[in-house]
Amino acid sequence: MKQLFKLSSSWFPIWLISLLMLVMVCVYLPIFKGAKQNMSDVPLIIVNEDKGKVGDAILLNLIEKQNGNSFKWVVDKSRQQALTDLKNNKAYGALIIPSNYSKGLGNVHDTLITGITNGKPAKLEIFLNEGIGQTASMIASNTLQTVALSASNGISSQLKKELAQRGIRVVPENASLLDKPVVVTSKNVLGLPVNLNKGMTPFVMALISSITGMLGANMIHGYLLRGNGTLKKRGSALSESEVLQSEIIFGIILTFCVSIVIQLGVFGLFASAHSSSILMIFLFTFFSITTMFLLFKTIAVFLGGWGMLVMFPLNFMGIFSSGGAFPLSTLPIVHRLFSFILPTRYIVDGIRALLYYDGRLQAGLGNALYALSIYFILTLAILIAFINLTKVSKETVVDESGKKIEVEVTNEIPHQSSDHKAEAQHAKRGKDEMFRQALSNLAKGNPEEARLFKKEQLEMKDEEFRNALKSLHKKNK
């Protein structure tokens, strides 16, 4: 054992895995930095339908950066266009400035000046995309509420200044109207049921898909190699290409079974909300898990035993960068970069579109199918090419090494071994019969037969000749 500790190679896994874990800490921990994370490029929509000029002031006062956060504002022309974009998952939320916004503020002004007590505040509307998840939806709501509140406070301040200059005292009934001249109403545009699991269902399904692909690629390989070892003892071992083909077949069976289990758990056991048919969700889930299995299997084929060191961090990077648990706008730049490269993000987008957006291609399903198809076709093509190359390589070895490979193949196929034994026994019986005839003729004094007998003796090895004579001697007894 002491000699084992002296080998430098024995220490290699320890420092390598330790270094890998340090890298993972540095990569993943920044996601959870602080109670309040800064956001970047949060997609929000604003629609100004106001027929007056007051609504333009809100557009002018939109702040690109606020407390370290930045927003990506999109100005839509109409309420309907904003609703369409939200239903296609193009933004987190929208602020709608109605066509009578300026008129409503004018009525508030007149009410406060004249002292009328039945005045109503102007209205702003907020539409929220609740399908993006609880965290992202809360970000959109808070941001849009802040913009609307800022506009209301600005108008309230102007009204108070004007009333003070005129020396007008506001009646108690209008005090709240003076403090809040603008009221904000919020509405969820998708109309989804309550049972959304806080919008985390797509992330959980993508997480299971990714883990199934990684575990399946490694465990199926290990158990099939063990099974092939058993077959080898029985003389019927599979070739490397046949083992790989079997792994792919078993992998597809596994992904099919897991896809069924996911549907039973998500929609049967927990009755999660969904806007598309369960069949469509099942097919996409099956396609996603199969793609992840082929991806990890391809990595294993290229890297062999080192594959796990790549699969593990790659899998976790894909999970954290998927945008399922944390909105992409809250993630560091490196994670957002990997979200465009790794397939897990597209699995989340596709499932989310099927669950909450009626399976619209524009809501992320189209991009998901496109990206996953590239991964599926590319990895499957690589595995098929590897199988074919393995077959060609084996045939070349057979041609070059001749009898040696033939003997190995013969040992793997039981019925061929039996045929060879039968032929050997038949040849031995033929030789015995030949010697018996030769010895009989020699005993009769036939010179020609004696010459043939000596010729056969010279063509055979001494050991074979002696064994033949012993055999004949036993038969004569």
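The shown structure was predicted, so the numbers you read here are calculated from the model rather than taken from an experiment.

### Quick word on the overall build of the chain
So, point 1. On a plain count of helices and strands, the chain comes out with 18 helices and 6 strands.
So, point 2. The buried share of the chain, reckoned over its 477 residues, is 40%.
So, point 3. A separation of at least 24 residues holds for 78% of the contacts in the chain among residues at least 6 apart in sequence.
So, point 4. Carbon and sulfur atoms make up 62% of the accessible area of the chain, which totals about 27500 Å².

### Focus: the UniProt feature "transmembrane region" (unreviewed entry) in the chain
So, point 1. UniProt's entry tags residues 12-31, 203-224, 248-271, 278-296, 302-325, 337-357 and 369-389 with the feature "transmembrane region" (unreviewed entry), counted in the numbering of this structure.
So, point 2. In the segment residues 302-325, helix accounts for 67% and strand for 0%; the C-alpha atoms at its two ends are 31 Å apart.
So, point 3. Each end of residues 369-389 is marked by a C-alpha atom, and these two atoms are 30 Å apart; helix forms 100% of the span and strand 0%.

### Describing helix 8 (residues 201-233)
So, point 1. An ideal rise of 1.5 Å per residue puts 48 Å on 33 residues; helix 8 measures up with 47 Å between its terminal C-alpha atoms.
So, point 2. A positive phi of about 85° marks Gly235, the residue just after helix 8.

### Looking at the side chain of Ser321
So, point 1. In this structure, Ser321 sits in the loop between helix 11 (307-320) and helix 12 (333-341).
So, point 2. By relative accessible area, which is 1% here, Ser321 ends up buried.
So, point 3. Non-local contacts of Ser321, meaning those with residues more than four positions away in its chain, are made with Leu328, Leu331, His335, Phe338, Ser339 and Arg345.

### A few points about the packing of helix 8 against helix 9 (residues 240-269)
Relative orientation and spacing of two packed helices are given, respectively, by the angle between their axes and the distance between those axes.
So, point 1. Contact geometry for helix 8 and helix 9: axes closest at 9 Å, N-to-C directions at 145°. Crossing geometry of helix 8 relative to helix 9 is assigned as right-handed. Together, Thr201, Met205, Ile208, Thr212, Gly216, Ile220, His221, Leu224, Leu225 and Asn228 of helix 8 and Val243, Ser246, Glu247, Phe250, Gly251, Leu254, Val258, Ile262, Gln263 and Val266 of helix 9 make up the contact between the two elements.
So, point 2. Here the contact of helix 8 with helix 9 is built from residues that sort into 11 nonpolar, 8 polar and 1 charged.

### Remarks on the packing of aromatic side chains
So, point 1. All chains considered together, the criterion is met by 6 aromatic pairs.
So, point 2. Pairing Phe256 with Phe282 gives two aromatic rings, centres 5.6 Å apart and planes at 85°, and the pair type is edge-to-face. In this pair, Phe256 is assigned in helix 9 and Phe282 in helix 10 (residues 278-303), connecting sequence segments 26 residues apart.
So, point 3. When its relative accessible area of 38% is taken as the criterion, Phe256 is described as partly exposed.
So, point 4. Centre to centre, the rings of Phe287 and Phe376 are 5.5 Å apart; their planes meet at 50°, and the pair counts as tilted. Highlighted residues: Phe287 in helix 10 and Phe376 in helix 14 (residues 365-401), separated in sequence by 89 residues.
So, point 5. Positioned above the aromatic ring of Tyr223 is the side chain of Arg226, whose terminal nitrogen or guanidinium carbon lies 5.1 Å from the ring centre.

Cut-off values and rules
- Residues numbered from 1 in each chain as written.
- Predicted model: local features only at pLDDT ≥ 70, side-chain atom pairs only at ≥ 80, totals over all residues.
- Heavy atoms only, no water.
- Helix = DSSP H or I, 4+ residues; strand = E, 2+ residues; numbered from the N terminus.
- Buried < 20%, exposed > 50% of the residue type's maximum accessible area, 1.4 Å probe, protein only.
- Contact = heavy atoms within 4.5 Å.
- Areas by Shrake-Rupley, 256 points an atom, 1.4 Å probe, with all protein chains shown as cover.
- UniProt positions renumbered as here; feature names shortened; annotations may be inferred.
- Expected span 1.5 Å × (residues − 1).
- Axes fitted to C-alpha atoms, helices over the stretch in contact; angles between N-to-C directions.
- Left-handed = near helix turned anticlockwise from the far one by under 90°.
- Nonpolar A, V, L, I, M, F, W, Y, C, P; charged D, E, K, R; others polar.
- Phe/Tyr/Trp six-rings, centres within 6.5 Å; stacked < 30°, edge-to-face > 60°.
- Lys NZ or Arg CZ within 6 Å of the ring centre and 35° of its normal.

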